[in-house]
Amino acid sequence: MNKYDIAVIGAGPAGYNCAINFAKKGKKVVIIEKYNLGGTCLNRGCIPTKFLWQAASVKQTISKSYEYGLKSSLEPVNFQEIINKKNKLVENLVKGVARLLTANKVDVIKGTASFKNKNELNIKTETEEINISADKIIIAAGSESKSIPNIEYDHQKYIDSTDALNLTEVPKTMLVIGAGAIGIELSSIFAAFGCKVTLREICPQILPSEDSDLAQELSRVLARQGIKVEAGCTDTLKDKDSFEKILIVAGRKSNSDELKPENVGLNLDNRKFVSTQNYSTNVDNIFAIGDATAKGFLAYTAEQDAINVVENLQSKNPVPKVVFSFPPVASVKAVDYDNYKDVVFGKSTFISNARAQIEGQRTGWIKVAIDNISKKIIGVWIIGVNADELIESATMIIKSNMKVTDLSKDMFFHPGLSEILLEATKNC
Ligand SMILES: Cc1cc2nc3c(=O)[nH]c(=O)nc-3n(C[C@H](O)[C@H](O)[C@H](O)COP(=O)(O)OP(=O)(O)OC[C@H]3O[C@@H](n4cnc5c(N)ncnc54)[C@H](O)[C@@H]3O)c2cc1C
């Protein structure tokens, strides 16, 4: 039986980064992956969705070329061709992960891992069953699409996000159940390609855990794009027969059963995600990171976990959040945001910004929250073009405890979209 210092289960952003980080420290590492290297992020998450979003953006840009005195015309969309291009990109990125693992001398086994005991894993490959042993085992097994009660995915009419990313034709009508980030992104993408989308959410607002001001503005923006938005919907399937496809994106569920956690007495939470305290589980040599712990459901928090578990660190950084609608929305709050009691807000709009006018992107605003006592910037919410990039500077500002007074002494490139952030702080 092969013996390793470290065995990592799952090769998504949590797993492959963790394996590489341990290998760089001179450890003998193996990673086990049942599907493709790169996990959800590369194969059926971040990368495919953003590729399709970009394709839709290009289509929108072409149709707006007349605003710049340019004439252009668009041939009918061949969605299969877009999916082929997306698949090619994914394939290349997956190869990139394989190269990184090889360069760092990480052994890769293709198969499904489960615990035999706290130091041994059983791995079912396509052709055989093998056992390996390791001093430390890191669970980075990710998560899966979750349906709604009493509805099973049939992957034909009732589809999950992976099915949606592989449709070869744009459906005429689609009901999207769940208005979290994934539901909003896929609604926006399919609507941009001509699908009549109805987006339903059981909670009182779309993006249930987001600032209500931002969620309301986004609702209006989606409605202007022809998406029928219904929040606070108690019967999400009321007229199910009138839709060609029903995409259910009602959160993520655990896949820990396959790991046979009972064989090592591993503690799980009430949704069967692995219970952790700073990445440690109740079994002394077993750790868990990324989606498998239900503490983030983001590729970059998973990647941060992959550093922290190796370096024995804890993460206390503000986490930016982005949703790729048209335009995108983004937000970030200080980790201790809820402790501030005297908070003032300032807003500035994209329409009042020269660069946004030049880009023909007049929708949206930036809102800033300031602690009225220390004058520290403690929250930023953006709906508008390049929100996904602008939020990065906002995150740095919050992380470095910058005050409004510090920011007003800084120079902002003109004409730039960042000027909106500065203007918003002036309006506090
Ligand atoms: C449609 C969609 C869009 C998304 N967009 C974004 C985005 O824009 N930005 C962002 O930050 N996040 C996004 N996410 C979330 C992001 O993809 C995940 O948070 C991230 O991939 C989690 O990384 P992970 O390594 O923990 O798990 P995963 O990426 O899920 O990787 C886990 C891996 O473990 C493997 N595995 C599981 N069990 C076993 C086993 N028993 N044996 C062997 N292998 C196993 C799985 O096959 C998988 O490859 C998106 C998700 C979805 C679904």
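This text goes with the structure placed above it.
Values in this document were obtained by computation on a predicted structure and should not be read as measured data. (Residues numbered from 1 in each chain as written. Predicted model: local features only at pLDDT ≥ 70, side-chain atom pairs only at ≥ 80, totals over all residues.)

Asker: What exactly am I supposed to notice about the overall build of the chain here?
Answerer: Within the chain one finds 12 helices and 19 strands. The globule rule puts the C-alpha radius of gyration for 428 residues at 22 Å, and the 23 Å found for the chain is close to it. Dimensions of the chain, computed from the C-alpha atoms along their principal axes, are close to 65 × 55 × 45 Å. When the 428 residues of the chain are sorted by exposure, 44% land in the buried category. Contacts in the chain between residues at least 24 apart in sequence constitute 66% of all its contacts with a sequence separation of at least 6. (Helix = DSSP H or I, 4+ residues; strand = E, 2+ residues; numbered from the N terminus. Rg over C-alpha atoms; globule rule 2.2 N^0.38 Å. Buried ≥ 20, exposed ≤ 12 C-beta atoms within 10 Å, placed from the backbone. Contact = placed C-beta atoms within 7 Å.)

Asker: Looking at this structure, how should I read the site of the ligand?
Answerer: Every one of the 36 residues lining the ligand counts as a neighbour, but Gly10, Gly12, Gly39, Gly142 and Gly290 are closest to it. For the shell around the ligand, the secondary structure elements donating two or more residues are helix 1 (13-24), strand 2 (29-33), helix 2 (39-44), helix 3 (46-63), strand 4 (112-117) and helix 8 (299-311). Grouping the constituent residues of the shell around the ligand by class yields 19 nonpolar, 13 polar and four charged. (Near = placed C-beta within 6 Å. Nonpolar A, V, L, I, M, F, W, Y, C, P; charged D, E, K, R; others polar.)

Asker: What's the story with the environment of Ile130 in this structure? I'm lost.
Answerer: Following the sequence through the fold, Ile130 ends up in strand 6 (residues 129-139). Residues Ile130 and Ala113, spaced 17 residues apart in sequence, show a C-alpha to C-alpha distance of 9.5 Å. Setting aside its immediate chain neighbours within four residues, Ile130 contacts Ile123 and Thr125.

Asker: Help me understand unusual backbone geometry, please; the structure alone is not making it clear to me.
Answerer: Across residues other than glycine, the phi torsion is negative in most instances, and most of the peptide bonds are trans. Residue Pro327 is bonded to the preceding Phe326 through a cis peptide linkage, with omega at -5°. You can see Pro327 is positioned in the loop between strand 15 (321-323) and strand 16 (329-333). In this structure, Pro415 follows His414 across a cis peptide bond, with omega equal to 0°. For Pro415, the position within the fold is in the loop between helix 11 (404-407) and helix 12 (418-426). Although it is not a glycine, Ala294 sits at a positive phi angle of roughly 60°. Phi at Asn386 takes a positive value of approximately 65°, unusual for a residue other than glycine. Relative to the helices and strands, Asn386 is located in the loop between strand 19 (377-383) and helix 10 (387-399). For Asn386, a count of 20 C-beta atoms within 10 Å gives the class buried.

Asker: It is not clear to me how the packing of helix 3 against helix 4 (residues 79-103) should be interpreted in this structure. Could you clarify?
Answerer: Pairs of packed helices are described in terms of their axes, by the angle between the two and the distance that separates them. Two elements in contact, helix 3 and helix 4, have axes whose closest approach is 10 Å; the angle formed by their N-to-C orientations is 140°. Comparing their axes, helix 4 and helix 3 come out oblique. The two elements helix 3 and helix 4 meet at a crossing, and its hand is right-handed. Here Ile47, Pro48, Phe51, Leu52 and Ala55 of helix 3 come into contact with helix 4, specifically with Ile82, Lys86, Leu89, Val90 and Leu93. Classifying every residue of the contact of helix 3 with helix 4 by side-chain character gives nine nonpolar, no polar and one charged. (Axes fitted to C-alpha atoms, helices over the stretch in contact; angles between N-to-C directions. Parallel < 35°, antiparallel > 145°, perpendicular 65-115°, else oblique. Left-handed = near helix turned anticlockwise from the far one by under 90°.)

Asker: Where do I start with helix 6 (residues 181-192) in this structure?
Answerer: Along an α-helix, residues three or four apart share an orientation, since each turn contains 3.6 residues. When the terminal C-alpha atoms of helix 6 are compared, their 16 Å separation across 12 residues agrees well with the 16 Å that a helix rising 1.5 Å per residue should span. Among the 12 residues in helix 6, 12 count as buried, and that is most of the element. Positioned one or two residues after helix 6, Gly194 has a phi angle of 100°, which is positive. (Expected span 1.5 Å × (residues − 1).)

Asker: Is there a simple way to explain the sheet that holds strand 9 (residues 173-177) in this structure?
Answerer: Whenever strands of a sheet pair, they do so through backbone hydrogen bonds, lying parallel or antiparallel. On the basis of which strands lie adjacent, the open sheet formed by five strands has the order 8-12-9-10-11 and parallel pairing. The open sheet has two edge strands, strand 8 (158-159) and strand 11 (228-230), and neither has a second partner. Sheet topology note: the strand 9/strand 12 (residues 245-248) ladder contains four bridges and is parallel. Each bridged residue has a counterpart across the sheet, and for Met174 the counterpart in strand 12 is Lys245. Sitting on the sheet, helix 6 is in contact with strand 9, strand 10 (196-200) and strand 12, with an inclination near 165° to strand 10. (Pairing = 2+ DSSP bridges.)

Asker: When you look at the sheet that holds strand 16 in this model, what are you seeing that I'm missing?
Answerer: Spatially, the five strands line up as an open sheet ordered 15-16-19-18-17, and their pairing is antiparallel. Here the strands that pair on one side only, and so sit at the sheet edges, are strand 15 and strand 17 (343-349). Going across the sheet, the axis of each strand differs from the next one's by a mean of 10°, ignoring polarity. Here seven bridges tie strand 17 to strand 18 (residues 365-371), and the two strands are oriented antiparallel to one another. If you follow Gly346 over to strand 18, its bridge partner there is Val368. Contacts from helix 12 reach strand 17, strand 18 and strand 19, with the element oriented near 135° to strand 17.

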